[in-house]
Structures are given as C-alpha cells and as structure tokens.
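Chains, contacts and geometry: an overview
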Amino acid sequence: MEALHQAIRERGRVLSEDILKVDNFLNHQIDTQLMAAVGQEFAKRFQDQSVTKVITLESSGIAPSFMAANTLDVPLVFARKKKALTGSEDVYTSRVYSYTKQELNQVIVSKEYLAEGDRVLIIDDFLAHGNAALGLTEVVEEAGATVVGVGAVIEKAFQEGRTQLEMEGYQVESLARIESLSNGEVTFIDEVVTNK
Ligand code: G4P
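Now for a quick tour of the structure. (Residues numbered from 1 in each chain as written. Predicted model: local features only at pLDDT ≥ 70, side-chain atom pairs only at ≥ 80, totals over all residues. Heavy atoms only, no water.)

**Side note on a negative patch on the surface**
A contiguous patch of negative charge on the surface is contributed by Glu138, Glu141, Glu142 and Glu168. Relative to the assigned elements, Glu138 resides in helix H5 (residues 131–142). (Patch = residues over 30% accessible without salt bridge, like charges linked within 9 Å, V, L, I, M, F, W, Y side chains within 5 Å. Areas by Shrake-Rupley, 256 points an atom, 1.4 Å probe, with all protein chains shown as cover. Salt bridge = Lys/Arg side-chain N within 4 Å of Asp/Glu carboxyl O. Lys, Arg positive; Asp, Glu negative; His and termini not counted. Charge placed at Lys NZ, Arg CZ, Asp CG, Glu CD. Helix = DSSP H or I, 4+ residues; strand = E, 2+ residues; numbered from the N terminus.)

**Some details on the site of the ligand**
Close to the ligand lie 22 residues, the nearest being Leu20, Thr100, Gly130, Asn131 and Lys156. Between Ser60 and the ligand, the recorded distance is 2.8 Å, taken from a side-chain N or O atom to an oxygen atom. At a separation of 3.0 Å, an oxygen atom of the ligand approaches a polar backbone atom of Ala132. When the ligand sits alone it has 720 Å² of accessible area, and the protein chains cover 90% of it. Broken down by secondary-structure element, the contributors of at least two residues to the shell around the ligand are strand S5 (91–98), strand S7 (119–127) and H5. Of all the elements, S7 adds the most residues to the shell around the ligand, at three residues. (Near = heavy atom within 4 Å. Polar contact = N/O pair within 3.5 Å; in protein donor to acceptor, adjacent residues only side chain to side chain.)

**Focus on the nonpolar core**
The nonpolar side chains of a soluble globular protein tend to be buried, and buried together. Leu4, Ile8, Leu20, Phe25, Ile154 and Val186 are the most contacted members of the largest nonpolar core, which has 31 residues in total. Of the residues forming this core, the biggest block, four residues, is contributed by helix H3 (residues 32–45). Apart from the residues within four sequence positions on either side, Leu20 is in contact with Ile8, Gly12, Arg13, Val14, Phe126, Ile154, Ile178, Leu181 and Val186. Formed by 25 residues, the second largest nonpolar core is a distinct cluster that contains Ile55, Val96, Leu114 and Leu134. (Core = buried A, V, L, I, M, F, W, Y, C linked by side-chain atoms within 4.5 Å. Buried < 20%, exposed > 50% of the residue type's maximum accessible area, 1.4 Å probe, protein only. Contact = heavy atoms within 4.5 Å.)

**What to know about the side chain of Ser98**
Topologically, Ser98 is positioned in strand S5. Only 2.9 Å separates the side chain of Ser98 from the backbone nitrogen of Lys101, close enough to count as a polar contact.

**Considering H3**
Compared with the 20 Å implied by 1.5 Å per residue over 14 residues, the 20 Å span of H3 between its first and last C-alpha is a close match. What H3 keeps buried is the set Leu34, Met35, Ala36, Val38, Gly39, Glu41, Phe42 and Ala43. Those residues of H3 that are buried are in contact with helix H1 (2–11), helix H2 (23–27), helix H4 (62–72), S7, strand S8 (146–156) and strand S9 (172–180). Two or three places before Gln33, at the start of H3, stands the capping residue Asp31, its side-chain oxygen 3.2 Å from that residue's backbone nitrogen. (Expected span 1.5 Å × (residues − 1).)

**Some points on the packing of aromatic side chains**
This structure, assessed with the given rule, holds one aromatic pair. A centroid spacing of 5.4 Å and a plane angle of 85 degrees characterise the contact between Tyr97 and Tyr99, whose relative ring orientation is edge-to-face. Residue Tyr99 is classed as partly exposed on the basis of its relative accessible area of 46%. (Phe/Tyr/Trp six-rings, centres within 6.5 Å; stacked < 30°, edge-to-face > 60°.)

If you want it as structure tokens, here you go:
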C-alpha cells in the first residue's frame, strides 16, 4: 500500500535492527486519513469472507481496525489487557508474551461480544512474532467462532509471525512488509529505500 510505505519512509524512524518507530502516524499521534485508507484496504482484502466482527488488541490496534469494521459494516471489539472496572466476570481470556516489550499481557474479551457462529477478522498494528494475533485466535476459538484471517498494518517479515499464523492455517494480509531494518534503513519486500 503505497501511502503507507511513504509514511513509513518519510515519518518512521529505525530505532534498531528490530524496532521501527511509527509514533508519528500510528502508535501515538494518529494520521486519521491514512488509518481510514488502511481500514478500507483491509475491508477490500476480506470483503468476500462474510466477516461479522473485527477484533483487535488495545491500544494501537484500535485505529486501523475502526475503519475496516466501519467499511465492512460490522462491530469492532477490542480485547482488553486489564479487566475493566465495569467489565463482566464472564470473559474469554488468553495470555500473550511480548518479546518486543518483554512483558506478559492478558487478552480479555467479554462473552457478550463474541458468539458461536461469528466470522472474525483479527487486525493489529504490528505483526512481529505473532503472539498477539495467536492470543486473539485463542479467544475467538474459545467462543466457538471462526477466524477468517489476520490483517497487520506493518509486518516485520524477518520475524516469524506470518509463519506461525500460516502454519495454523490462517490467511495473513499485511499492508507493508518489511524485509529488514538493517543499517538504519527500511527495506520493504520487493523494494529498497533509504530511511531518514
Ligand atoms: P507479536 O505480538 O507479533 O508477537 O509482537 P511482539 O510480542 O514482538 O510485540 C508486541 C508489542 O510490541 C505490540 O504492542 C506491538 O505493536 C509492538 N511492536 C512490535 N514490534 C514493533 C516495532 O518494530 N515498532 C513498534 N513501534 N512497536 C512494535 P502492544 O504491546 O500491543 O502495545 P500497544 O502499542 O498496542 O499498546
């Protein structure tokens, strides 16, 4: 997706061989026009899957998921990492370990918002090791619902997330696939560019 590649090139910063900072448009400040286009692209890629719900993990997954759900005309559910004060006791849960942040997070979804028969599209901001997406697949399947696929805004293709998800049989669609962050440069799959 060219507009996203351009945002990464012009507004992203390579922090290390593993980490890309995109606070300018995705993880802190949100470029709403870009996120609208991102959401519409996800909706297009999964339009034939009879999606009934989009699910993401708070917080950075919410912005790109919103317009996908809006375009598909289905609800968006965000899984919480902590129980809400007013939350129901009746929840589906899983745990995900973040290699990047080196922390264990819970994934919590109220049983009210996932039902057997739902066809669920999982969307997240980054696909790295795949743990967040796998944690979300667990809660969807615990509910007896079906995962129709996984969408990631930015895939770090040099980490094993896609392989993990494809091995489980899930369709994976990412809108920017990064081959490498070596030497302070972003290299997209099929494209070589220099980062600031
Ligand atoms: P995984 O879910 O694919 O296994 O990824 P991993 O555990 O490695 O990373 C989990 C968290 O780190 C996620 O945020 C993810 O968005 C973020 N992350 C991973 N790689 C990068 C990167 O290169 N740059 C940035 N900016 N973030 C990265 P989270 O814990 O869900 O936090 P939140 O921002 O959604 O609240």
